[in-house]
Amino acid sequence: MSNVIKLRKGLDIHLQGKAEETKLTLKSNGHYALVPDDFEGVTPKVVVREGDIVKAGDALFVNKLHPEVRFASPVSGRVTAVERGERRKVLCIRVDADAEQQYVDFGKKDPMKMDGKAVIDALLEAGIFGYINQLPYAISTDPESKPKAIFVSALRDKPLAASFDYEVKGQEEDFVTGLQALSKIAKTYLGLGIQPDFQAELQKLGVEKFVELTFFDGKCPAGNVGVQVNNIDPVNKGEVVWTIGDPTVVLFIGRLFNTGKVNLTRTVALCGSEVKKPCYVDMLVGQELQTLLSNSYDADHSVRIINGNVLTGRKTTKEGFLGAHSSEITVIPEGDDADEMLGWIMPRFKQFSVNRSYFSWLCGKKEYALDARVKGGERHIIMSGEYDKVLPMDIYGEYLIKAIITGDIDRQEQLGIYEVAPEDFALAEFVDSSKLELQRIVREGLNTLRKENA
């Protein structure tokens with residue numbers, strides 16, 4: 001491994017309920033929905049009506065600001081509803097799947113015989129281009145932006161994260177085809193952990209001929225694509241890089257070129273301390289969670305169901321749908337029924353603490369069953385250096401957060417806001433003694449900056 005980057009900052013949180021590498025066969029109830037909020041920065045314009053018949057690959061909505069960016073239906077079937085919220089915001093487009101699936105045939109293509117524009121056109125036509133994000137602003141990118149590079153992270157290291165090594169088994173050719181297609185658009189970097197299981201297969205398929213491999217040795221969040229960009233080729237003002245922090249998207253792209261069809265199947269980890277048998281399951285993007293969660297945990301007390309991982313996922317219910325970028329469905333205790341004698345003053349061998357406030361640090365790499373409680377209220381920021389210990393990026397995290405809160409745009413630019421995404425502050429939010437919603441603050445700052453620079 002010639003290109004290894006060692007990161008000394010970060011934090012690994014060991015939680016109970018990691019998925020075992022066994023796969024559950026799940027029979028879908030036929031209900032699907034594509035949620036525009038899964039694609040940050042997209043203003044949706046619905047292009048179907050209730051009652052329309054669609055095939056897998058037909059567009060359900062487009063980006064209003066860039067109508068050529070379409071978002072494909074994961075299944076064929078009948079559009080049953082276009083759900084809207086306040087001010088007619090599009091919440092989701094529901095589709096009831098056919099018993100026998102029909103696919104739009106986009107034709108098999110060899111990306112090595114195509115140029116970058118042809119690759120982009122193929123992704124736009126099939127409705128999966130919108131799964132690619134960009135820095136700055138950490139939003140779904142648009143085809144008019146000219147990236148100086150494309151960064152793909154195949155390292156998942158968040159708590160209870162689904163193993164991409166397990167998911168990609170038997171799909172290495174699709175993964176390499178997806179990387180070939182991306183490499184035609186711009187120079188492509190692939191970030192990996194130390195000695196991934198599929199490294200030998202990638203080398204056998206000659207991936208190093210068109211992609212630059214970089215291995216990251218460090219704790220979470222080494223797998224964050226923003227962290228990898230910062231340590232390889234940071235983004236300066238006026239520059240754009242495309243990012244894929246969800247490596248399953250590369251499989252979507254590879255399947256499109258190898259089969260000519262849109263296949264949005266992903267391997268999802270059903271995990272968390274409340275899950276009876278943590279395991280993996282193959283699901284389509286937008287699939288209803290009802291059948292997956294119906295008997296997977298005890299319903300005798302309150303739980304938090306998370307669409308994604310515990311650090312960056314969204315709260316959901318059994319009636320929710322698998323997110324476009326979700327590789328985990330996590331179930332943990334809500335904690336609203338917890339009754340602790342003497343509260344924080346107890347020694348607590350079963351509670352995790354970053355700064356060794358509890359005696360649990362004497363137990364080594366113990367797995368914890370943490371609940372969703374914040375354990376405190378919002379308070380003043382104390383410049384303690386907490387963020388810097390878990391943020392392996394060349395930025396001053398605490399000063400950046402203060403600049404965002406005060407609305408000082410010039411200061412934000414000087415402190416590197418163009419390089420960050422909300423997920424980069426997920427661990428800082430976890431350790432923050434001020435109890436601030438750092439990911440929300442960063443997202444609001446990025447949105448404000450994007451409007452100012454529009």
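Residues numbered from 1 in each chain as written. Predicted model: local features only at pLDDT ≥ 70, side-chain atom pairs only at ≥ 80, totals over all residues. Heavy atoms only, no water.

(A) The overall build of the chain, seen in detail. Of the regular secondary structure elements, the chain holds twelve helices and 20 strands. A compact globule built from 454 residues would reach a C-alpha radius of gyration of about 22 Å, and the chain, at 22 Å, matches this within 12%. Over its C-alpha atoms, taken along the principal directions, the chain stretches across nearly 65 × 50 × 50 Å. Out of the 454 residues belonging to the chain, those deemed buried represent 55%. Restricting the contact set of the chain to residue pairs at least 6 apart, pairs at least 24 apart contribute 69%. With an accessible surface of roughly 20,900 Å², the chain has 46% of that area assigned to carbon and sulfur atoms. Seen as two clouds, the 57 positive and the 66 negative side-chain charges of the chain have centres 0 Å apart. (Helix = DSSP H or I, 4+ residues; strand = E, 2+ residues; numbered from the N terminus. Rg over C-alpha atoms; globule rule 2.2 N^0.38 Å. Buried < 20%, exposed > 50% of the residue type's maximum accessible area, 1.4 Å probe, protein only. Contact = heavy atoms within 4.5 Å. Areas by Shrake-Rupley, 256 points an atom, 1.4 Å probe, with all protein chains shown as cover. Lys, Arg positive; Asp, Glu negative; His and termini not counted. Charge placed at Lys NZ, Arg CZ, Asp CG, Glu CD.)

(B) Region of interest: the pairing of strand β15 (residues 241-244). Going residue by residue along β15, you find Val241 and Thr243 tucked away on one face and Trp242 and Ile244 tucked away on the opposite face as well. Pairing geometry for strand β12 (residues 149-153) and β15, over four bridges, is parallel. In the sheet register, Phe151 faces β15, and the bridge partner there is Thr243. (Pairing = 2+ DSSP bridges.)

(C) Structural context of the sheet that holds strand β4 (residues 44-46). The three strands lie next to each other as β4-β6-β7, forming an open sheet whose pairing is antiparallel. Because the sheet does not close on itself, it has two edges, and the strands there are β4 and β7 (66-72). The mean inter-strand angle of the sheet, taken between neighbouring strand axes irrespective of direction, is 35°. Summarising the sheet, strand β6 (residues 59-63) and β7 pair through four bridges and their orientation is antiparallel. Bridge pairing in β7 links Phe61 to Phe71. (Axes fitted to C-alpha atoms, helices over the stretch in contact; angles between N-to-C directions.)

(D) A look at the packing of aromatic side chains. This model, assessed by the stated rule, comprises 13 aromatic pairs. Pairing Phe151 with Tyr189 gives two aromatic rings, centres 4.8 Å apart and planes at 10°, and the pair type is stacked. Residue Phe151 is found in strand β12, and its partner Tyr189 is found in strand β13 (residues 188-193); the two are separated by 38 residues along the sequence. Of the residues examined, Phe151 reaches a relative accessible area of 1% and is grouped as buried. Its relative accessible area of 8% is what places Tyr189 among the buried residues. Taken together, the aromatic side chains of Phe39, Phe61, Phe71, Tyr131 and Phe252 make up a single cluster linked through ring pairs. (Phe/Tyr/Trp six-rings, centres within 6.5 Å; stacked < 30°, edge-to-face > 60°.)

(E) Structural context of the sheet that holds strand β14 (residues 212-217). In space, the seven strands of this open sheet follow the order β1-β14-β13-β12-β15-β10-β11, with mixed pairing throughout. Strand pairing shows two members of the sheet lacking a second neighbour, β1 (4-6) and β11 (139-140), which therefore form its edges.

(F) Inspection of the side chain of Arg443 at higher detail. Mapped onto the fold, Arg443 is located in helix α12 (residues 438-453). Arg443 sits in the buried class, given a relative accessible area of 13%.

(G) The arrangement of the environment of Asn230 in detail. You can see Asn230 is positioned in helix α5 (residues 225-232). The sequence separation of Asn230 and Glu419 amounts to 189 residues, and the corresponding C-alpha distance is 6.8 Å. The contacts of Asn230, once residues within four sequence positions are left out, are Pro392, Met393, Asp394 and Glu419. A polar side-chain atom of Asn230 sits 2.4 Å from a polar atom in the side chain of Glu419. (Polar contact = N/O pair within 3.5 Å; in protein donor to acceptor, adjacent residues only side chain to side chain.)

(H) The arrangement of the environment of Gly130 in detail. With respect to the element layout, Gly130 can be found in the loop between α1 (116-126) and β10 (133-135). Each C-alpha atom, one on Gly130 and one on Glu40, is 9.6 Å from the other, the two residues being 90 residues apart in sequence.

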